[in-house]
Every structure is written in C-alpha cells, then in structure tokens.
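Structural description and commentary
Okay, here's what each chain looks like letter by letter:
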Amino acid sequence: ENIPRDVEKEAAAKMTMVKTKKGWMTGEAFILWLQELDNDLDQPTLLLLDSAGSHNNIDMRDPYGGVPWKHLRIQRLPKNSTSVTQPLDAGVISAFKRVFLEMLGFETYYARNFDQT
C-alpha cells in the first residue's frame, strides 16, 4: 500500500513482492524469500542469520519441503551479539556504497562520452 505503483510494477517483473498485514517480516515471507534466493544462486553462499523472530525454525533444510537448500549455507549469529556485529554492518555498507558509486560514476561517464545510442 505504501509502495509507489511504478516501483511495484517494475519490481514485480524482477522479483516476488510480499505484503504483510503489519508490514513486518514474517516467518512465512522470509521462507518465500529464502526459496527464491536459493533458486537464483548458482554457487554455495553463506547466509548469516540473527535471532529475529522471522528467522526461527530456519536451518539447512527448506522448512516447507524438508529438503536441503541447493546453494544456501546458513549459520546463526550468537544471541545478543548485535552490539558486536552492528559496527560490521556499517563497514560493509560503506565499502559497498563506495564501490557502487564508483561503478555508477564510470557508467555515467561512459554513457555521456562514448555511448552512441
């Protein structure tokens, strides 16, 4: 309901969108996301999970199918470790943002100076 229609339309072509009644991540929505992620991966990928309620009952098997994930390897962070891991988020996000902006700058420069279309 809060998602602009053009964004929802464009995103729907690329991914599955799930709305929950209260807008919170639920276990069911999280499992759907995990299934889609696992299907999109083509190599083993480590996924670190915290102790959020929607992450309960998630392990090395798809809880609905009971079969092992094809590519996901799931590890849980220790409970109450947010104060330790949160600063890591900031470092990862800032590094990603720097590289992304560098790539965006290169793409923009290339498009403005060399793209003939």
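Read on for an overview of the structure. (Residues numbered from 1 in each chain as written. Predicted model: local features only at pLDDT ≥ 70, side-chain atom pairs only at ≥ 80, totals over all residues. Heavy atoms only, no water.)

1. Section: the nonpolar core
In this structure, F30, I31, L34, L41, L47, L49, I58, W69, L72 and I74 together form the largest nonpolar core, which totals 10 residues. The biggest single contributor to this core is helix α2 (residues 27-40), with 3 residues. In this structure, F30 is in contact with M25, L49, S54, H55 and I58, ignoring residues within four places of it in sequence. (Core = buried A, V, L, I, M, F, W, Y, C linked by side-chain atoms within 4.5 Å. Buried < 20%, exposed > 50% of the residue type's maximum accessible area, 1.4 Å probe, protein only. Helix = DSSP H or I, 4+ residues; strand = E, 2+ residues; numbered from the N terminus. Contact = heavy atoms within 4.5 Å.)

2. Structural notes on the environment of G53
Residue placement: G53 occurs in the loop between β1 (45-49) and β2 (72-76). By relative accessible area, which is 55% here, G53 ends up exposed. For the pair G53 and G27, spaced 26 residues apart in sequence, the C-alpha separation works out to 7.3 Å.

3. Structural notes on the packing of aromatic side chains
The final tally for this structure, using the stated rule, is 2 aromatic pairs. Ring plane angle 20° and centroid distance 5.8 Å describe the contact between F30 and W33, whose orientation is recorded as stacked. One end of the pair is F30 and the other is W33, both in helix α2 and 3 residues apart, which spans about a single turn. According to the relative accessible area criterion, W33 is partly exposed, its value standing at 43%. Between F96 and F100, the aromatic rings sit 6.1 Å apart at their centres with planes inclined by 15°, giving stacked as the arrangement. Of this pair, F96 and F100 both sit in helix α3 (residues 82-113), 4 residues apart, which is roughly one turn of the helix. (Phe/Tyr/Trp six-rings, centres within 6.5 Å; stacked < 30°, edge-to-face > 60°.)

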